[in-house]
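Here's the letter readout for the chains.
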Amino acid sequence: SGVGYEFLMKKFLLISILVVLIICLSYLYGGKSNDANMKEHKEVFWTGMFAFYICIIVSFTILPIRIPGEIPYEFEYNLNVLELFRAFTNRAALISYCENVLLFMPVTIFGYKSSVHVAKSLKGGVLISLAMSVGIELLQGAEAVLSIAEDMAPIMDVNDVICNTVGGAIGYMIIRFYTNQHKR
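Just so we're clear, the structure is a prediction, and the values are computed from it rather than from any experiment.

Considering the overall build of the chain
Counting its secondary structure elements, the chain contains 5 helices and 2 strands. Ordered by position in the sequence, the α and β elements of the chain form the string α-α-β-α-α-β-α. Relative to its full complement of 184 residues, the chain shows a buried share of 38%. If you take every contact in the chain between residues at least 6 apart in sequence, the share linking residues at least 24 apart comes to 78%. As displayed, the chain has an accessible area near 11,300 Å², and 70% of this comes from carbon and sulfur atoms.

Next up, the structure:
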């Protein structure tokens, strides 16, 4: 059923994120050499991880995997920012918002460590997260309007944009704190 499928996809996404984080952590603690060749090698690695993670996000948000026989849902949209406060009274809403925050934290972490120079500042990291999130929501809306995703209708939600952008900002702060602590 749809609920089982959604649970499976969330589990797969979580496992994908954990694998990416384990690879990154092992790479971070693997070599401590400061020579120029190692620095360039790490930058290439982080750029690849940045691109790979964006592909993961795209595959789970814009390109849903269709299951034949799945009951189609009606397209929904939410432009009510005040619904963010539902997280204080609704556990499902809180979990959903936390998932969106966590989903975008690695975007700015990988962007900061890569050769994406825009992501080297908080403003740039937030702008990348905001642009990606708005792009995803607009494409989900276009999918619904054009009936591209017939088996699964996406939900366009302004709160996703807010949570994703907050996740990007938190990711930037985490990587900035990490790099400042490890420069010493």
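Structure's up, so let's keep going.
Thoughts on the nonpolar core
In this structure, Tyr53, Ile57, Phe104, Val107 and Phe110 are the most contacted members of the largest nonpolar core, which totals 22 residues. The set of elements that each furnish at least two residues to this core consists of α1 (2-30), α2 (36-61), α3 (91-113), α4 (122-145) and α5 (158-182). For this core, the element with the most residues is α2, which contributes 7 residues.

Comments concerning the environment of isoleucine 109
On the secondary structure map, isoleucine 109 appears in helix α3. For isoleucine 109, a relative accessible area of 18% puts it in the buried group. Remark: the alpha-carbon pair of isoleucine 109 and lysine 120, spanning 11 residues in sequence, is separated by 9.5 Å. When near neighbours in sequence (up to four residues on either side) are disregarded, isoleucine 109 contacts Gly171, Ile174 and Ile175.

Digging into a nonpolar patch on the surface
A contiguous nonpolar patch, built from Leu122, Val166, Ile170, Met173 and Ile174 and spanning about 390 Å² of accessible area, is present on the exposed surface. Considering every element that reaches the nonpolar patch, the biggest residue donor is α5, with 4 residues. On the accessibility criterion, leucine 122 (38% relative accessible area) is partly exposed.

A closer look at α3
In this model α3 runs 34 Å from its N-terminal to its C-terminal C-alpha over 23 residues, within 8% of the 33 Å that 1.5 Å per residue would give. Capping the start of α3, asparagine 90 holds a side-chain oxygen 2.9 Å from the backbone nitrogen of alanine 92, two or three residues further along.

Remarks on the confidence of the model for the chain
Residue-level pLDDT values for the chain average 76, and 68% of them are 70 or greater. Element-level pLDDT for the chain is lowest in α1, with a mean of 63, against a maximum mean of 91 in α5. With pLDDT under 50 throughout, residues 67-71 is counted as low confidence; its partners more than four residues away or in other chains account for 6 contacts.

Details of the side chain of asparagine 164
Locating asparagine 164 in the fold gives a position in helix α5. Given a relative accessible area of 5%, asparagine 164 falls into the buried group. For asparagine 164, the side chain forms a polar contact with the side chain of serine 133, separated by 2.8 Å. Apart from residues lying up to four places away in sequence, asparagine 164 is in contact with Asn100, Phe104, Ser129 and Ser133.

Quick word on α5
The end-to-end C-alpha separation of α5 is 37 Å, in line with the 36 Å expected for 25 residues at 1.5 Å each. Put simply, aspartate 157 is the residue that caps the front of α5, since its side-chain oxygen is 2.9 Å from the backbone nitrogen of asparagine 159.

Digging into the side chain of serine 133
Relative to the elements of secondary structure, serine 133 occurs in helix α4. For serine 133, a relative accessible area of 0% corresponds to the buried category. Serine 133 has contacts with Phe104, Asp160, Val161 and Asn164, leaving out every residue within four places of it along the chain.

The rules we used
Residues numbered from 1 in each chain as written. Predicted model: local features only at pLDDT ≥ 70, side-chain atom pairs only at ≥ 80, totals over all residues. Heavy atoms only, no water. Helix = DSSP H or I, 4+ residues; strand = E, 2+ residues; numbered from the N terminus. Buried < 20%, exposed > 50% of the residue type's maximum accessible area, 1.4 Å probe, protein only. Contact = heavy atoms within 4.5 Å. Areas by Shrake-Rupley, 256 points an atom, 1.4 Å probe, with all protein chains shown as cover. Core = buried A, V, L, I, M, F, W, Y, C linked by side-chain atoms within 4.5 Å. Patch = residues over 30% accessible without salt bridge, like charges linked within 9 Å, V, L, I, M, F, W, Y side chains within 5 Å. Salt bridge = Lys/Arg side-chain N within 4 Å of Asp/Glu carboxyl O. Expected span 1.5 Å × (residues − 1). Polar contact = N/O pair within 3.5 Å; in protein donor to acceptor, adjacent residues only side chain to side chain. pLDDT = per-residue confidence, 0-100.

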